[in-house]
Amino acid sequence: MKLWICALTFAGFAVAQSGDPIMKTVLARYNYVKQNLVESAEVMPEENYEYRLSPAQRPWAEWIEHNVAMNYRFCSQIAGQEVPKEAVPPGKSKPELVA
């Protein structure tokens, strides 16, 4: 699955400069998902950042951190670069994750 996502994303970057309508669609979807992630992190009250749907699941803060880190990892792998150290959120509080 990861390989498929990386291949699809890499293919999208490869055609990005040509103004390909497929790339426009991929970027539109990316921006939509990014906006939802950011707005979700902003709207959740800080006191609920430790909320879990069940004891076995990650708390909300770790879910946000995980998604941010995975986005950086995928994009860095596609670009053939290391993940920037400042890319991974330093903590699990709302101010640290939303900044």
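This is a predicted model, so every value here is computed, not measured.

The rules behind the values
- Residues numbered from 1 in each chain as written.
- Predicted model: local features only at pLDDT ≥ 70, side-chain atom pairs only at ≥ 80, totals over all residues.
- Heavy atoms only, no water.
- Helix = DSSP H or I, 4+ residues; strand = E, 2+ residues; numbered from the N terminus.
- Expected span 1.5 Å × (residues − 1).
- Buried < 20%, exposed > 50% of the residue type's maximum accessible area, 1.4 Å probe, protein only.
- Core = buried A, V, L, I, M, F, W, Y, C linked by side-chain atoms within 4.5 Å.
- Contact = heavy atoms within 4.5 Å.
- Axes fitted to C-alpha atoms, helices over the stretch in contact; angles between N-to-C directions.
- Parallel < 35°, antiparallel > 145°, perpendicular 65-115°, else oblique.
- Left-handed = near helix turned anticlockwise from the far one by under 90°.
- Nonpolar A, V, L, I, M, F, W, Y, C, P; charged D, E, K, R; others polar.

Visitor: Where do I start with helix 2 (residues 21-43) in this structure?
Guide: Every α-helix carries 3.6 residues per turn, so stepping three or four residues along brings you back to the same face. For helix 2, spanning 23 residues, the distance from its first C-alpha to its last is 33 Å, which sits close to the expected 33 Å at 1.5 Å a residue. All of the buried residues in helix 2 are Met23, Leu37 and Ala41.

Visitor: Sorry, what's going on with the nonpolar core here?
Guide: Nonpolar side chains tend toward joint burial in soluble globular proteins. Of all hydrophobic cores here, the largest spans 9 residues; its members are Leu37, Ala41, Met44, Tyr49, Trp60, Ala61, Ile64, Val68 and Leu97. Of all the secondary-structure elements, those providing two or more residues to this core are helix 2 and helix 3 (60-79). In terms of residues, this core owes the most to one element, helix 3, which gives 4 residues. Those residues in contact with Ala61 that sit more than four places away from it in its chain are Tyr49, Lys92 and Leu97.

Visitor: Is there a simple way to explain helix 3 in this structure?
Guide: The end-to-end C-alpha distance of helix 3, which contains 20 residues, comes to 29 Å, matching closely the 28 Å that a straight helix rising 1.5 Å per residue would cover. By the burial criterion, the buried members of helix 3 are Trp60, Ala61, Ile64, Glu65, Val68, Ala69, Met70, Phe74, Ser76 and Ile78.

Visitor: Explanation requested: the environment of Ala99 in the structure shown.
Guide: Positionally, Ala99 belongs in the segment after helix 4 (94-98). Along the chain, Ala99 and Val38 lie 61 residues apart, while their C-alpha atoms are 9.9 Å from each other.

Visitor: Whenever I open this one, the packing of helix 2 against helix 3 confuses me. Can you help?
Guide: Any two packed helices are characterised by the angle at which their axes cross and by the distance between the axes. Following both chains from N to C, one finds helix 2 and helix 3 inclined at 155°, their axes separated by 11 Å at the closest point. Put simply, helix 2 runs roughly antiparallel to helix 3. The two elements helix 2 and helix 3 cross, and the hand of that crossing is left-handed. Within the contact between the two elements, helix 2 uses Leu37, Ser40 and Ala41 and helix 3 uses Trp60, Trp63, Ile64, Asn67, Val68 and Asn71. Residues belonging to the contact of helix 2 with helix 3 are distributed by class as follows: 6 nonpolar, 3 polar and no charged.

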